Amino acid sequence: MSKKNWWLDVALLAAFVALTAALMNGHLLRLDERVADWSLSHQPWLPYWTARVLNYLGQGGQILMPVSLILTGLLTWRTRSIRAVFPFVAGFVLTYLTIGPLKIWADRAAPRFDGPNPVIMHNPDAAGAYAMSYPSGHLGNSLVWYAVIALLVVALLGRPLSRRETYGLRVLPVAIVFCTTVYTGFHWLTDSIAGALLGVVLARLIERIPFDRIGLPRLGGWERPAGLTPSDRLASPA
């Protein structure tokens, strides 16, 4: 089991709860509106579409999950071990059981919603796809899936990633997604902050799972997929 302590996770979850409570009580809404108003009023063609394209770095279903599936397939073929699919399954289950239900519960519209009171939580005038802004799935999914991708890459390379590779794979894409998500008006600023807080906790949870010690029959070949041992795994940049 990983030797990461839980204090940071507890602090991040507490910050997420505090942020959610503040928004439910009407705090920080004006900050969200000011940031969104500036973003939506400063969108020349080139910066806007550059941000739109770069924002695909945070698309879980269209980009990150397919990339993770390809890497999972390569690792499964190389190791002949069913354990190679566990990181992908863990990422899918954790995001499905947390981010999605929280979005439905929060019932918050996005900045581009043209109905009344788009910034408030539990908006009675927004429903379904129009009320899925909090927390930002772009940020939560990015942190989780880049953690999964990093774990699979480490296993395929058979070595830990360098510091530069770590930041290139784990930090830079998430920072880009944060900025572009707010700038394009896909999410409020606090949506993205909440998604980042939750995403770091989920990513760190995935890093704690001892995938190579789960007692399931292997498909044949190696005893365990190299690189899936917690001690060899990429440390969280958080």
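For every chain, the first residue of the written sequence is number 1, and numbering continues from 1 onward in sequence order. Since the coordinates come from a predicted model, pLDDT governs what is reported: local features require at least 70, and pairs of side-chain atoms require 80 or more to be given and counted, while whole-chain, interface and lining totals use all residues. In computing side-chain properties, one takes all heavy atoms of the structure into account and sets aside hydrogens as well as water.

Caption draft 1: Seen up close, the confidence of the model for the protein chain. In predicted models, pLDDT denotes the confidence assigned by the predictor to each residue on a 0 to 100 scale. For the protein chain, the average pLDDT comes to 89, and 88% of its residues sit at 70 or higher. Confidence drops under a pLDDT of 50 for residues 218-227, and excluding neighbours within four residues, the segment shows 25 contacts in the predicted structure. In this description, contact between two residues means that some pair of their heavy atoms is separated by no more than 4.5 Å. Contacts for the low-pLDDT stretch residues 229-238, under 50 throughout, to residues beyond four places or in other chains number 35 contacts.

Caption draft 2: Structural detail: unusual backbone geometry. Note that the residue after tyrosine 134, namely proline 135, is joined by a cis bond; omega there is -10°. Its place among the elements puts proline 135 in the loop between helix H5 (86-106) and helix H6 (137-157). In the Ramachandran plot, leucine 28 falls in the positive-phi region, its phi being about 70° despite a non-glycine side chain. In this structure, leucine 28 sits in the loop between helix H1 (7-24) and helix H2 (29-40). Here's how the labels work: a residue is buried when its accessible area is under 20% of the maximum for its type, exposed when over 50%, partly exposed in between, all with a 1.4 Å probe on protein chains only. Judged by relative accessible area, leucine 28 falls into the partly exposed class, the value being 38%. Phi at arginine 80 is positive, roughly 55°, even though this residue is not glycine. By the criteria applied, helices consist of DSSP H or I runs no shorter than four residues and strands consist of E runs no shorter than two, each listed in order from the N terminus. Its location among the elements puts arginine 80 in the loop between helix H4 (60-79) and H5. The exposure class of arginine 80 is partly exposed, given its relative accessible area of 38%.

Caption draft 3: Main features of the environment of valine 67. Following the sequence through the fold, valine 67 ends up in helix H4. Sequence separation between valine 67 and tyrosine 146 is 79 residues; the distance between their C-alpha atoms is 9.8 Å.

Caption draft 4: A look at the nonpolar core. Counting 45 residues, the largest nonpolar core has Tyr134 and Ile206 as the members making the most contacts within it. Examining the composition of this core, we find that 13 residues originate from one element, H6, more than from any other. Among buried residues, those of type Ala, Val, Leu, Ile, Met, Phe, Trp, Tyr and Cys that are joined through side-chain atoms within 4.5 Å constitute a nonpolar core.

Caption draft 5: Structural context of H5. For a helix, the expected span equals 1.5 Å multiplied by the residue count minus one. Taking 1.5 Å per residue as the helical rise, H5 with its 21 residues ought to reach 30 Å, and the 30 Å between its terminal C-alpha atoms agrees with that figure. In the structure, H5 departs most strongly from a straight axis at tyrosine 96, where the bend amounts to approximately 30°. Among the residues of H5, those classed as buried are Phe86, Pro87, Phe88, Ala90, Gly91, Leu94, Thr95, Ile99, Lys103 and Ala106. A positive backbone phi angle near 55° is found at aspartate 107, which sits one or two residues after H5. The seven residues ending at a residue and the seven starting there each receive a fitted axis; the angle between those axes is the bend at that residue.

Caption draft 6: The arrangement of helix H7 (residues 163-183) in detail. End to end, H7 covers 29 Å across 21 residues, agreeing with the expected 30 Å (1.5 Å per residue, within 8%). Roughly 30° is the biggest bend found in H7, and it falls at valine 171, with proline proline 173 one to four residues downstream. Among all positions of H7, only Thr166, Leu169, Arg170, Pro173, Val174, Val177, Thr180, Thr181, Val182 and Tyr183 are buried. Those residues of H7 that are buried are in contact with H2, helix H3 (45-54), H6 and helix H8 (189-208). Just downstream of H7 lies glycine 185, where phi reads positive at about 80°.

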